[in-house]
Amino acid sequence: MEALKKYLRKPMGVVGAVMLFLIVFVAVFAPWLAPYDPNVRVEVEPDDILAPPDAEYLLGRDDAGKDVLSQLIYGARVSLIVGFTASFMSMFIGTTVGLVAGYFGGRIGTLLMRVVDFLMVIPDLPLMLVIIAVMGRGLWNIILVIGLLGWTYTARLVRSQVLSIKERQFVLRARSLGASSARIILRHVFPQVMPLVIAQAVLDISVAILAESSLAFLGLGDPTLISWGMMLNFAFERALSRQAWWFLLPPGFAIVWVSLALVLIGNTLDEIVNPRLRTHHLFDPRRMVALVAGAPRVETPAEE
Amino acid sequence: METQPILEVSDLHKHFPLARGVWGTLTRMPCRTVRAVDGVSFCVEQREILALVGESGSGKTTVGMNVLGLQQPTQGHVCFDGVDVAEWVHGRGVSVESNAQLSGVSRRRRVMILRERAQMIFQDPYESLNPRQKIFDIVAEPLEIHRLTASREEKAERVRLALETCGLAPADHFWSRFPAELSGGQRQRVAIAGALVLEPRLLVADEPVSMLDVSIRAEILNLLHTLRRERGITILYTTHDLATAGFFTDRMAVMYLGRIVELGPTAAVLSEPRHPYTRALISVIPAPNPRRRRKRQILQGEIPNAIDIPPGCRFHPRCPMAVEACRVSDPPLREVAPGHRVACHLA
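Described in the following lines is the structure provided in the data block. On a predicted model such as this, the values are computed, not experimentally measured, just so you know.

## Thoughts on the overall build of chain B
For chain B, the helix and strand inventory stands at 14 helices and 12 strands. Its C-alpha atoms give chain B a radius of gyration of 22 Å, within 12% of the compact-globule value 20 Å for 347 residues. Dimensions along the principal axes, computed over C-alpha positions, put chain B at roughly 70 × 60 × 50 Å. Out of the 347 residues belonging to chain B, those deemed buried represent 51%. Residue pairs in contact within chain B that sit at least 24 positions apart in sequence constitute 62% of those at least 6 positions apart. Accessible area for chain B stands at about 16,000 Å²; split by element, carbon and sulfur atoms hold 52% of it. Of the charged side chains in chain B, 44 are positive and 38 negative; the average position of the first set lies 4 Å away from that of the second.

Okay, here's the thing in structure tokens:
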């Protein structure tokens, strides 16, 4: 409750939450909101191809004569499914690896962190391109690739926190009571890192959505589903030369919208829970001004 | 059983090696060590309260950790209930297997028996309670770990009893709260309740009142005293404050730089201190009557670090009475009166 109040006091966080809520609402109710079903083939006249926006087709039509708005609405589903599932996967793997590496340390910890370092230095996008090209362009393959490559930062974050938490006295107390390692990790260490993990997971969703869009834009999206990245891909190839901006801009803006929303939420959560970003209550700039204005100026003594 | 001391610490050493760094490792520099505890021996009888007194850095907390087997001694032994603790925490070894009560059970169970019999209270009640657990869960956790209660009602009853014994009554007024909602004294009571709920035989109280307000201290110490009287718990009480130690302990061991310098009945140590260090400590206890101020004896300098321990008597650089012999030879702990032992050439 305390945390919720703190969150609601941050305008950026509220804006982000509203933006995300809108997108989730659109994705959930897509069949009712979309004026046309984008999966149905339409018979087209030559004039319908890349027709500009009008009253019937609010965002115009694409090169197959389909409604852009409906595709945009259905595309939200793919983005959100990929984003949430992949980030949940990386959260789970990253937290587990971080907890184990941080708590047990020693050889296991070193080994796990070398794996993390290894994955961290490989550029993600080229690796994803190669894996998708080999494994095939299914939705699940895309989710797996993004989820299995995106957990390294979470693991590092969790490990660094665990290293300090495990030295705290309540962990020693649990040990002196005879608690098993599993119990200490789950009951005493994990609850302390959970807020940080959630803040990081929200940021990861936007990274995952961007990764999916990049893959789709490069032609490696799931061919059976409409996603924003894929729309960009088609628009880039076919609509740009005809100045059909209504096909290119909306998916671009949608991607920006949803990642901006998630970054706003994630940064706000991070600000609330991350001990490194938290400042003392006296550091509030308004109070600082009051203090400085009221206080006599202190002269720095001359150097001896 | 009554004749045997419940806790026997003999020649306990605990050294922590310092990291040498890359250059040190390459040049094979000798590994320097912090000698936190450097040859400590004492016994604690059943139902006795022994105070370990010393400045910070004198090694008293390290002794407590070794007594509970939370650290492994570098040298020497800690025997609790006649079993070597260093072997007990691993559940195997000669002293464990020859013990009648322990030989027939599994290794894990042996360790659990140790954890059940000996408990620790930590110095800082703001740190030793998990801030995300409710009071009930904190006190009930030992019961869950040791699977001691069959039903939820029984568990609640034991938690209630423990909390109310420690002066947190009515218990249900407190147990759904988080530690942050309680005061320092209340938290320390919760910590004690969490240690008592297992009905231990030995309680290591590591500076349990040093973080608390003076007004709360007496209450907590009275509580510990009552526990000894009513339940026969043996208490090893570490503190830097001679006044609180004199308040309720039976015997007192004064530690300096990882060694015991004076050990004896509390009344004897306080009324007739033999070691100059003990005298200095006693002279700075605040006296309630300002007219009867004693001459204070302020020690010069800091406690030396435990890496470069001075040769000879380790107290001589700060000792107001040091003579030539103190610089050369290390005084052994010898008996000066029945049960009163001092490590000083001049005593």
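Let us keep going from here.
## Digging into the pattern of salt bridges
Under the counting rule described, the total for this entry stands at 26 salt bridges over all chains. One salt bridge connects Asp 241 of chain B with Arg 217 of chain B, and the closest N-O pair in it is separated by 3.6 Å. In this pair, Asp 241 of chain B is assigned in the loop between strand 8 (234–239) and helix 11 (242–248) and Arg 217 of chain B in helix 10 (residues 214–231), connecting sequence segments 24 residues apart. Through salt bridges with shared partners, one network takes in Arg 183 and Arg 187 of chain A together with Glu 141, Glu 144 and Lys 155 of chain B.

## Section: the interface of chain A and chain B
A common way to report how large an interface is uses the accessible area buried once the components associate. Each partner contributes to the interface: chain A provides 17 residues, whereas chain B provides 26 residues. Between chain A and chain B lies a buried interface of about 2,000 Å² when both sides are counted; carbon and sulfur atoms form 48% of it. For the chain A face of the interface with chain B, the top three residues by lost area are Gln 169, Arg 173 and Leu 177 of chain A, together amounting to 35%. Joining chain A to chain B, the criterion identifies 4 salt bridges. The partner of Glu 141 of chain B in a salt bridge is Arg 183 of chain A, with the nearest N and O atoms 3.0 Å apart. Our enumeration of links across chain A and chain B arrives at 14 residue pairs in polar contact (both at pLDDT 80 or more).

## Concerning helix 8 (residues 152–165) of chain A
Residues and elements named next belong to chain A. Between its terminal C-alpha atoms helix 8 stretches 20 Å, which fits the 20 Å expected from 14 residues at 1.5 Å a residue. Those residues of helix 8 not exposed but buried are Thr 152, Thr 154, Ala 155, Leu 157, Val 158, Gln 161, Val 162 and Ile 165. Turning to helix 8, the residues buried within the fold contact helix 4 (68–104), helix 5 (106–121), helix 7 (139–149), helix 9 (169–176) and helix 10 (181–217).

## Looking at the sheet that holds strand 12 (residues 340–342) of chain B
Residue and element names in this part refer to chain B. Pairing is mixed in the open sheet, where 8 strands are placed in the order 6-7-8-3-9-10-12-11. Looking at the sheet topology across the chains shown, the edges are occupied by strand 6 (118–121) and strand 11 (334–337). Across the sheet, the axes of successive neighbouring strands diverge by a mean angle of 20°, strand direction being ignored. The sheet contact formed by strand 7 (residues 202–206) and strand 8 spans 5 bridges and is parallel. Across the sheet, Val 204 pairs through a bridge with Leu 236, a residue of strand 8.

## A look at the sheet that holds strand 1 (residues 7–17) of chain B
Residue and element names in this part refer to chain B. Spatially, 2-1-4-5 is the arrangement adopted by the 4 strands of the open sheet, whose pairing is antiparallel. Edge strands, defined here as strands with exactly one partner in the open sheet, are strand 2 (33–44) and strand 5 (83–84). The pairing of strand 1 with strand 4 (residues 75–80) spans 5 bridges and is antiparallel. Paired with Ser 10 across the strands is His 77, a residue of strand 4. Strands in contact with helix 2 (residues 60–67) are strand 1, strand 2 and strand 4; relative to strand 1, the strand with the most contacts, it is inclined by about 115°.

## Thoughts on the environment of Ala 140 of chain B
All names here are of chain B. Along the chain, Ala 140 turns up in helix 6 (residues 135–145). For the pair formed by Ala 140 and Leu 161, sequence separation is 21 residues and the distance between their alpha carbons is 11 Å. Ignoring sequence-local partners within four residues, the contact set of Ala 140 consists of Lys 155 and Val 159.

## So, the environment of Lys 60 of chain B
All names here are of chain B. Residue placement: Lys 60 occurs in helix 2. With a relative accessible area of 4%, Lys 60 lands in the buried category. Setting aside chain neighbours within four positions, we find Lys 60 in contact with Leu 52, Val 53, Gly 54, Glu 55, Glu 207, Thr 238, Thr 239, His 240 and Met 255. Polar side-chain contacts of Lys 60 include one of 3.2 Å to the backbone oxygen of Gly 54.

## Looking at the layout of surface pockets
The calculated volume of the second largest pocket comes to roughly 370 Å³. Per-element tally for the lining of the second largest pocket: the top contributor is helix 11 (residues 228–239) of chain A, with 4 residues.

## Regarding the packing of helix 10 of chain A against helix 12 (residues 245–273) of chain A
All names here are of chain A. Here helix 10 crosses helix 12 at 165°, and the two axes come no closer than 8 Å. Taken as axis vectors, helix 10 and helix 12 run roughly antiparallel relative to one another. In this structure, the crossing between helix 10 and helix 12 has a hand that is left-handed. Packed against helix 10, whose contacting residues are Pro 195, Leu 196, Ile 198, Ala 199, Val 202, Leu 203, Ile 205, Ser 206, Ile 209, Leu 210 and Ser 213, the element helix 12 presents Ile 255, Val 258, Ser 259, Leu 262, Val 263, Ile 265, Gly 266, Asn 267, Leu 269, Asp 270 and Val 273 at the interface. Of the residues in the contact of helix 10 with helix 12, the class split is 16 nonpolar, 5 polar and 1 charged.

## Considerations on empty space enclosed by the protein
Scanning all chains against the criterion turns up 3 cavities of 30 Å³ or more. Taken together, Arg 173 and Leu 177 of chain A together with Gln 119, Met 120, Ile 121, Phe 122, Ser 128, Ala 191, Gly 194 and Ala 195 of chain B make up the full set of residues lining the largest cavity. When residues of the lining of the largest cavity are traced back to their parent elements, those giving at least two are strand 6 and helix 9 (184–196) of chain B. Among the residues making up the lining of the largest cavity, the classes are represented as 6 nonpolar, 3 polar and 1 charged.

## Side note on the nonpolar core
All names here are of chain B. Core analysis: the largest hydrophobic core is formed by 78 residues, its most contacted members being Val 139, Leu 163, Ile 192, Leu 224 and Tyr 237. Element by element, the count of residues in this core is highest for helix 6, at 7 residues. Apart from residues lying up to four places away in sequence, Val 139 is in contact with Val 159, Ala 162, Leu 163, Val 190, Ala 193, Gly 194 and Val 197. Within the second largest apolar cluster, 36 residues are counted, among which are Leu 68, Val 83, Met 120 and Met 255.

## Focus: the packing of aromatic side chains
Using the criterion set out here, one finds 12 aromatic pairs over all chains in the structure. Aromatic rings pair up to connect Phe 21, Phe 25, Phe 29 and Trp 32 of chain A into one cluster.

About the cut-offs
Residues numbered from 1 in each chain as written. Chains lettered and ligands numbered in written order. Predicted model: local features only at pLDDT ≥ 70, side-chain atom pairs only at ≥ 80, totals over all residues. Heavy atoms only, no water. Helix = DSSP H or I, 4+ residues; strand = E, 2+ residues; numbered from the N terminus. Rg over C-alpha atoms; globule rule 2.2 N^0.38 Å. Buried < 20%, exposed > 50% of the residue type's maximum accessible area, 1.4 Å probe, protein only. Contact = heavy atoms within 4.5 Å. Areas by Shrake-Rupley, 256 points an atom, 1.4 Å probe, with all protein chains shown as cover. Lys, Arg positive; Asp, Glu negative; His and termini not counted. Charge placed at Lys NZ, Arg CZ, Asp CG, Glu CD. Salt bridge = Lys/Arg side-chain N within 4 Å of Asp/Glu carboxyl O. Buried area = accessible area lost by both parts, 1.4 Å probe. Polar contact = N/O pair within 3.5 Å; in protein donor to acceptor, adjacent residues only side chain to side chain. Expected span 1.5 Å × (residues − 1). Pairing = 2+ DSSP bridges. Axes fitted to C-alpha atoms, helices over the stretch in contact; angles between N-to-C directions. 1 Å grid on protein atoms, 1.4 Å probe; cavity = no way out; pocket = protein on both sides within 12 Å on 5 of 7 lines; lining within 4 Å. Points joined across faces, edges and corners; volume = space filled by probe spheres on them. Parallel < 35°, antiparallel > 145°, perpendicular 65-115°, else oblique. Left-handed = near helix turned anticlockwise from the far one by under 90°. Nonpolar A, V, L, I, M, F, W, Y, C, P; charged D, E, K, R; others polar. Core = buried A, V, L, I, M, F, W, Y, C linked by side-chain atoms within 4.5 Å. Phe/Tyr/Trp six-rings, centres within 6.5 Å; stacked < 30°, edge-to-face > 60°.

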